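# Residue-level structural notes
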Amino acid sequence: MPTVNQHQPSASRHNVTVEIDGVDVNIYSSVERVDVNLRQNEHDHARIVLAGIPAVSVTDYVDRPVMVHIAVPYGEGFTFVGFINHIEPTHKSRDGRVEGGLLQEATLNCLGASSDMRGVKARIWKDFTIKDVVEVMSVDYKFSYSCPDTAPTIPSMSQRGLSDWEALTKACVQSGLAVNVHGTEIHVWNPLTALQHGAPSGTLRSVDAAEGDAPGNIMEFSGAFGSSHAYGDVNSKKISILDEHGKLLTAESADLLNTEPASGTAVTSTLTAVLPIEAVSLSDARRKLAATRAYSDAYIAKVVTTGVAGPIPGSAIAVDGFNGEFDGLWLVRGVEMKTNQGHFLTEWELGRSTKGNTLRQSDSLYTYQPAPSPKVQSGAWRSSTRRANVYSI
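Residues numbered from 1 in each chain as written. Predicted model: local features only at pLDDT ≥ 70, side-chain atom pairs only at ≥ 80, totals over all residues. Heavy atoms only, no water.

### Concerning the packing of aromatic side chains
For any pair of aromatic rings, the description rests on two quantities: the centre-to-centre distance and the angle between the ring planes. Under the criterion given, the structure shown has 9 aromatic pairs. Each residue in the set F221, F225, Y299, F322, F326 and W330 is aromatic and connected to the rest through ring pairs, giving one cluster. (Phe/Tyr/Trp six-rings, centres within 6.5 Å; stacked < 30°, edge-to-face > 60°.)

### Quick look at the sheet that holds strand β14 (residues 185-189)
With mixed pairing, 4 strands are arranged side by side in an open sheet as β13-β14-β10-β30. Lying at the two open borders of the sheet, with one neighbouring strand each, are β13 (178-182) and β30 (388-391). Adjacent strand axes in the sheet meet at a mean angle of 10° when their direction is disregarded. Relative to β14, strand β10 (residues 144-148) runs parallel, the two being bridged by 3 bridges. Considered in β14, the bridge of S144 is made with E185. Helix α2 (residues 130-141) rests against β10, β14 and β30 of the sheet, and its axis sits at about 180° to β10. Of the strands in this sheet, β13 and β14 touch helix α3 (residues 164-174), which is tilted by about 140° from β13. (Pairing = 2+ DSSP bridges. Helix = DSSP H or I, 4+ residues; strand = E, 2+ residues; numbered from the N terminus. Axes fitted to C-alpha atoms, helices over the stretch in contact; angles between N-to-C directions. Contact = heavy atoms within 4.5 Å.)

### Concerning the pairing of strand β24 (residues 316-320)
Counting buried residues along β24, 4 of its 5 residues qualify, which places the element largely inside the surrounding structure. As paired elements, strand β15 (residues 202-205) and β24 share 4 bridges and run parallel to each other. Across the sheet, the residue bridging to L204 is V319, located in β24. Relative to strand β25 (residues 328-340), β24 runs antiparallel, the two being bridged by 4 bridges. Note that in β25 the partner of I317 across the bridge is W330. (Buried < 20%, exposed > 50% of the residue type's maximum accessible area, 1.4 Å probe, protein only.)

### A few points about the pairing of strand β20 (residues 248-252)
Regular strands have side chains that alternate between both faces of the sheet. Summarising the sheet, strand β19 (residues 236-242) and β20 pair through 5 bridges and their orientation is antiparallel. Its bridge partner being in β20, I241 is matched across the sheet by L249.

### With respect to the sheet that holds strand β22 (residues 272-274)
Across a sheet, paired strands are connected by hydrogen bonds in the backbone, their directions being either parallel or antiparallel. The 3 strands lie next to each other as β20-β19-β22, forming an open sheet whose pairing is mixed. The open sheet has two edge strands with one neighbour each: β20 and β22. With direction set aside, neighbouring strand axes in the sheet form an average angle of 25°. For β19 and β22, the ladder comprises 3 bridges, and the chain directions are parallel. Bridge pairing in β22 places K237 opposite A273.

This is how it looks when you write it as C-alpha cells:
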C-alpha cells in the first residue's frame, strides 16, 4: 500500500490514485504526498511527491499526462487531470538509496488540462459575451463547458499577446464572472449567484458540532469581517455616463443585489463610491459594476478542516457550530486538498456578503451539472462527451 493511503485514525476516509500515462505510479514508486489546489480564475494545480523514482523517469515524465483521483465514501470525490509541468528531483548521499536508486524523492508539479490554453495568440473580440468565447475555446480544445447565457455583452477586447486562458479569465472578470477548468470542463460561474448554483457542497463543523473523524471538522478558522477591509469592500457604488443623446444616466450597485439573498441578510456599507469608469452604455456600466461587486466580500475566512473532497470554487459550503451570525452558507473561492502518509486535510478560502444562518432550499437553481469524464487522445486531455450546459442566472 502506498504511504499516502496508510490511513491514520484521525483522518477522514479517503483513497488516492495517481496515474502517469495511464499507469498506476505505485507499481514502481511510492506516492508519499499529493496536494491538489483549486482557485478561481487559475489553473488547477497538483503537487505529487514520489519516493524511489527511477532516474530515467525524471526526464521522461516532463509534459506527460497525469491523473489524480481522491476517492471518498460520501460522494464522487475529486479527479484532477493535467500534465506534469516540471519535476524537482533530490539526492542526498547521507540518506542512502531508495528502491535501489540514488534519488530519494522527486516532486512533480502538474497543471490542469487548461495548461494547453497557455499559448499566446493574437485576435480581436467584438460585441461578444462569455458564452461566445467559451464556445470557441471548447471547440479548439475539445472540452465540454458549463456557462451562463445571461452574461452582458462586452463591446471589444484585444487578445494581442495573451493566451486563450488569459483572455478567458480577463473576459470573465470584466463580466463579473469567474472560471475554472476542472477535468476537461470549462466551468463559468457567477459569484453573486453561486450559492444557488448547486455545485458539490458540504458542511464544515466547529468543535461544538464535530462528528468524530468525519470530513469537514474545523481545526482552524481565521476570519476578517467588515464592510470595508484589505480584501475588498461592499460599499455602494455608482457610475455616471452620458449616453449617445447626451442624457446623464447612473448605474448603481444596488441594482445588482438580490433583495432577499438565499443565504441571509445582505451586508452593506453606509459609504457610497462614485467610480471614475468609462462606459459606452448603461448596460456596459452595469457590467463593470457587477465586475467589482463579484469580487468584494464583506466576510472572508481561511479554514483548515479534516479532509473533504468534492466542493470546488463556486460551491456553497455550510459553516456550522459557532452559534454566530456567520454560521450558514459561504462561497468557496479556493480549496486545497492535502494528503500525506495517510493524513488528509483541506484548506479553504471562503467569502460571503451576508449574515445569518439561513438557507431556503427552494431558492436553489440547481444549474450545475457534473462534467463528462476526461480521456487522453493523441497525448492531450479531451472531454469524452462534447457537452454544453448553458444555463440562466
